[in-house]
Amino acid sequence: MSRKSLLAGFCVLLCLLSAFNSETLSARKRGGVVRLSVPQRTAGQKSVLGLRKAPIDTVRVGFVGLGMRGSDAVVRYTYIPGAKVAAICDLRNEAVEASLKDLRALGVPDPACYGGSETAYKALCESDDVDLVYICTDWASHVPIALYAMEHGKHVAVEVPAATSLAECWAMVDMAEKTQLHCMMLENCCYDFFEMTALEMARRGVFGELLHVEGAYMHNLDPFWDAYWNNWRLEFNRTHKGDIYPTHGLGPVCQVLGIHRGDRMKTLVAMETKAVNGPKQVEARTGKPCEDFSNGDVTMTMISTEKGRSILIEHGVLTPRPYNRMYQVVGSEGYAGKYPIRQVCLREGSEEGQKPDYQNLAAEKIYQGEELGALLGNYRSPVLTPELEALAKKVGGHGGMDFIMDYRLVYCLRKGLPLDMDVYDLAEWSCIGELGSISIENGNAPVEVPDFTRGDWNVVDGFSYAF
């Protein structure tokens, strides 16, 4: 996206945020903790916890952004029962033509096409032939497009991270509450097979009382930087601190803990390494030394919850570490971990009077390989029917999890059910970047995590899928 369009989007966002009191997002350090005030709901707004809307028999989807994620999503939606690719949009006409070619190859009727300008999405959002706007643009334009779509009566699904600042998070929450429309972040990692099974095990109490979870996004992006249009992703790392891409690691573990469904993130502390590889990436592309690279090569964020649990999140896209989302669930009676190997450990009972074997440092029952597969088979997620799993693996999308996410979104809209992830998830998982930056810039000080539900975090008891 050009500097001109970024400025235009920023101006639109400022206008949409004009009702905010400047004190709302100001930091106040009290008792060693940086505290952020929570704005009151304005007249006409109400919570969207458990939001149900009239069922939509055929969900007509308009796709905005036809790059790597968007073009794949367009194809996936042709396999989803009750979904129609109604419109496609990209500022590059050649991207629109490429997606149109994909659809024709599948025998799908031509959708409405929008393109050629940075505001082409507005006509799509205004169309009476679209129910859901599916946003796969660069991060900077997520919120302006989403707000415009909701203003024009459309449900919204937006790629990760849906928002990049506290102001944007509150804007999304307030617009969803004002319009009473669904606003979901497309966090596909919540639908990976191991994570869904571990979630079901946690819900059934297999791990005992939950104590600690971990998540991460460790992915060396060296081969991919130039694939991002106008190099926007490297530029975002250059200008921002903190965990700017937290949701792949954070989303699945927040579901396990029931965040804003009986527990809430309360306080975080973040720290980072110095920037070594980031400046080198910029210099390699510009030929000039980079002395203003903001983000460290690795960022770590520790979060405490209202119920006394802990969360560890890490971010690193600039070092040659193996891909790792660090998914771990630790309970009083058991453990599940996905990286570097998938395993489940459960407490082993000891016979009375039996002496411990000090030579055996792993006395827990460890499930791996075929034994793990048999165990996990007993805790199949209610979402993953054999038919859906087979179709997901056939259609693909990060091994099938993208398809399951899309299928569930359409399923819930068709049934008039609450979505698996709501606008409060969107805000909670996206706000970590700016909060971590505040912590780092204040000497790794604790920072209070705002309650985006405004006091309703314990109204719903535990996460569960709607059917």
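Within each chain, residue numbers correspond to sequence positions counted from 1 in written order. In keeping with the model being predicted, local features are shown solely for residues with a pLDDT of at least 70 and side-chain atom pairs are shown and tallied solely at 80 or more, while totals for entire chains, interfaces and linings include all residues. For the side-chain quantities, the full set of heavy atoms in the structure was used; hydrogens and water were omitted.

Here we look at the pairing of strand 15 (residues 343-346)
Between buried and exposed lies partly exposed: a residue is buried under 20% and exposed over 50% of the maximum accessible area for its type, with that area taken using a 1.4 Å probe on protein chains only. Helix and strand assignments come from DSSP, with helices taken as H or I runs of at least 4 residues and strands as E runs of at least 2, each series counted from the N terminus. Along strand 15, one buried face is formed by Q343 and C345 and the opposite face, lined by V344 and L346, is buried too. The hairpin formed by strand 14 (residues 334-337) and strand 15 contains five residues between the paired strands. Two strands pair under a simple rule: DSSP has to find at least two bridges between them. Bridge analysis of strand 15 against strand 16 (residues 365-367) gives three bridges, and the strand direction is antiparallel. Residue pairing for strand 16: C345 is matched across the bridge by I366.

With respect to the sheet that holds strand 7 (residues 155-158)
Pairing within the open sheet is parallel, and its six strands lie in the order 5-4-3-6-7-8. Of all strands in the sheet, those bounded by a partner on one side alone are strand 5 (112-115) and strand 8 (183-185). Along the sheet, successive strands turn relative to each other by an average axial angle of 20 degrees, direction set aside. Bridge count for strand 7 against strand 8 is three bridges, and the pairing is parallel. Along strand 8, the bridge assignment pairs A157 with M184. Where helices are involved, their axes are fitted lines through C-alpha atoms of the stretch in contact, as for all axes, and angles between N-to-C directions lie from 0 to 180°.

Section: the pattern of salt bridges
By definition here, a salt bridge exists when the distance from a side-chain nitrogen of Lys or Arg to a carboxyl oxygen of Asp or Glu is within 4 Å. Applying the stated rule across the entire model yields 32 salt bridges. In this structure, the salt-bridge partner of R69 is E159, at a minimum N-O distance of 2.8 Å. Remark: E159 occurs in the loop between strand 7 and helix 6 (166-179) and R69 occurs in helix 2 (residues 68-77); sequence separation between them is 90 residues. Between R261 and D425 there is a salt bridge; the shortest N-O distance is 2.8 Å. Of the two residues, R261 is situated in the loop between helix 9 (247-257) and strand 10 (265-272) and D425 in helix 14 (residues 423-430); the sequence distance between them amounts to 164 residues. Each of R41, D174, E177, R454 and D456 takes part in a single network of salt bridges with overlapping partners.

Focus: helix 9
The buried fraction of helix 9 amounts to eleven of the eleven residues, a majority that puts the element mostly inside the structure. Residues of helix 9 that are buried: T247, H248, G249, L250, G251, P252, V253, C254, Q255, V256 and L257. Downstream of helix 9 by one or two residues, G258 has phi in the positive range, about 70 degrees.

As for the environment of V383
For V383, the location among the structural elements is in the loop between helix 11 (369-377) and helix 12 (386-395). Residue V383 is classed as buried on the basis of its relative accessible area, which comes to 5%. The criterion used for residue contact is that any of the two residues' heavy atoms lie within 4.5 Å. Not counting chain neighbours up to four residues away, the residues in contact with V383 comprise M196, L388, I404, R408, Y465 and F467.

Some remarks on the packing of aromatic side chains
Paired rings are identified among Phe, Tyr and Trp, the last through its six-membered ring, by centres lying within 6.5 Å, and are further divided according to the angle between planes into stacked (under 30 degrees), edge-to-face (over 60) and tilted (the rest). Per the counting criterion, the structure on display carries 17 aromatic pairs. Here the aromatic residues W139, Y217, Y228, W232, F236, Y245, Y323 and Y339 are joined through ring pairs into a cluster of three or more. Only lysine NZ and arginine CZ atoms are considered, and such an atom sits over a ring when it is within 6 Å of the ring centre and within 35 degrees of the ring normal. One residue, K365, lies across the ring of Y367, its end atom 5.3 Å from the ring centre. In this structure, R408 is placed above the aromatic ring of F467, and the distance from its NZ or CZ to the ring centre is 5.0 Å.

Digging into the packing of helix 6 against helix 14
Running from N to C, helix 6 and helix 14 point in directions that differ by 175 degrees, and their axes come no closer than 9 Å. Classed by the angle they form, the pair helix 6 and helix 14 counts as roughly antiparallel. Contacts between helix 6 and helix 14 involve C169, M172, V173, A176 and E177 from the former and V423, Y424, L426, A427 and S430 from the latter. Under this grouping Gly is polar, as are all residues other than the nonpolar Ala, Val, Leu, Ile, Met, Phe, Trp, Tyr, Cys and Pro and the charged Asp, Glu, Lys and Arg. Its residues assigned to classes, the contact of helix 6 with helix 14 shows eight nonpolar, one polar and one charged. Working definition: roughly parallel below 35 degrees, roughly antiparallel above 145 degrees, roughly perpendicular at 65 to 115 degrees, and oblique for all remaining angles.

Honestly, that's just the spatial picture; any functional story needs more than this.
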